[in-house]
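Okay, here's what each chain looks like letter by letter:
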Amino acid sequence: MKAAENAAKSGEVPVGCVIVRGDEVIATSGNRTLTDRDPTAHAELLAIRQAAGKIGSERLVDCDLYVTLEPCTMCAAAISFARIRRLYYGATDPKGGAVDSGVRFFASPTCHHVPEVYSAVGEQEAAALLKDFFKARR
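Computed from a predicted structure; not experimentally measured.

Draft legend 1. Structural context of the nonpolar core. In terms of nonpolar packing, the biggest core is built from 35 residues, with I19, I48, L60, L65, L87 and F106 touching the most fellow members. Secondary-structure elements contributing two or more residues to this core are strand 1 (16-21), strand 2 (24-30), helix 2 (43-55), strand 3 (63-69), helix 3 (73-81), strand 4 (86-91) and helix 4 (123-137). Sorting elements by how many residues they give to this core places helix 2 first, with six residues. Not counting residues within four places of it along the chain, the set of residues in contact with I48 comprises I19, L60, L65, A78, I79 and A82.

Next up, the structure:
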């Protein structure tokens with residue numbers, strides 16, 4: 001959640017991501033779309049890039065990804081292409097999510113790899129963080 005809180009301080013939507021391999025955290029990131037002026041700078045993509053660089057492979061087959069919010073279609077595709085073993089996410093995103101909401105990317109016959117998905121992990125905390133952020137912006 002620290003990455004999400006740091007993202008929120010910079011005006012970014014407070015989404016944080018951690019990638020774990022065994023007992024080691026190998027990547028952490030928060031959204032940086034505003035900071036980097038990059039619409040693809042979602043926490044998941046940044047963490048996947050960092051993890052791939054750290055282990056020296058584009059395949060993260062023995063890695064687990066934890067994220068504050070249900071991934072969008074772009075991030076779900078990246079998770080699939082990276083061959084992430086398990087995906088854990090906090091709050092569902094009925095409007096922009098693509099795992100259990102929306103297009104349900106992993107259920108598509110064109111999806112190359114489907115991670116094990118665990119939803120609602122720390123859901124109340126993640127949802128409260130996001131609701132507070134958007135409430136303060138209104």
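Draft legend 2. Molecular detail of the environment of F105. Along the chain, F105 falls in the loop between strand 4 and strand 5 (116-118). Since its relative accessible area comes to 17%, F105 is described here as buried. Taking the C-alpha atoms as reference points, F105 and A77, separated by 28 residues in sequence, lie 7.3 Å from one another. In this view, F105 contacts T73, A76, A77, S80, A98 and C111; residues no more than four positions away in its chain are not counted.

Draft legend 3. How the structure looks around the pairing of strand 4. Among the six residues that make up strand 4, five are buried, leaving the element largely enclosed by the rest of the structure. Here five bridges tie strand 3 to strand 4, and the two strands are oriented parallel to one another. What sits directly across from L65, in strand 4, is L87.

Draft legend 4. Looking closely at the pattern of salt bridges. The tally for this structure, following the rule as stated, stands at six salt bridges. The salt bridge involving D62 is made with R21; its shortest N-O contact spans 3.1 Å. One end of the pair, D62, is in the loop between helix 2 and strand 3; the other, R21, is in strand 1, with 41 residues separating them in the sequence. Looking at D62, the relative accessible area reads 30%, which means it is partly exposed. A residue is classified by how much of its surface remains accessible, and R21, at 34% relative accessible area, is partly exposed. Two residues, D64 and R85, come together in a salt bridge whose shortest N-O distance is 3.0 Å. Taken as a pair, D64 in strand 3 and R85 in the loop between helix 3 and strand 4 lie far apart in primary sequence, 21 residues in all.

Rules and cut-offs
- Residues numbered from 1 in each chain as written.
- Predicted model: local features only at pLDDT ≥ 70, side-chain atom pairs only at ≥ 80, totals over all residues.
- Heavy atoms only, no water.
- Core = buried A, V, L, I, M, F, W, Y, C linked by side-chain atoms within 4.5 Å.
- Buried < 20%, exposed > 50% of the residue type's maximum accessible area, 1.4 Å probe, protein only.
- Helix = DSSP H or I, 4+ residues; strand = E, 2+ residues; numbered from the N terminus.
- Contact = heavy atoms within 4.5 Å.
- Pairing = 2+ DSSP bridges.
- Salt bridge = Lys/Arg side-chain N within 4 Å of Asp/Glu carboxyl O.

Read these as geometric descriptors, not functional statements.
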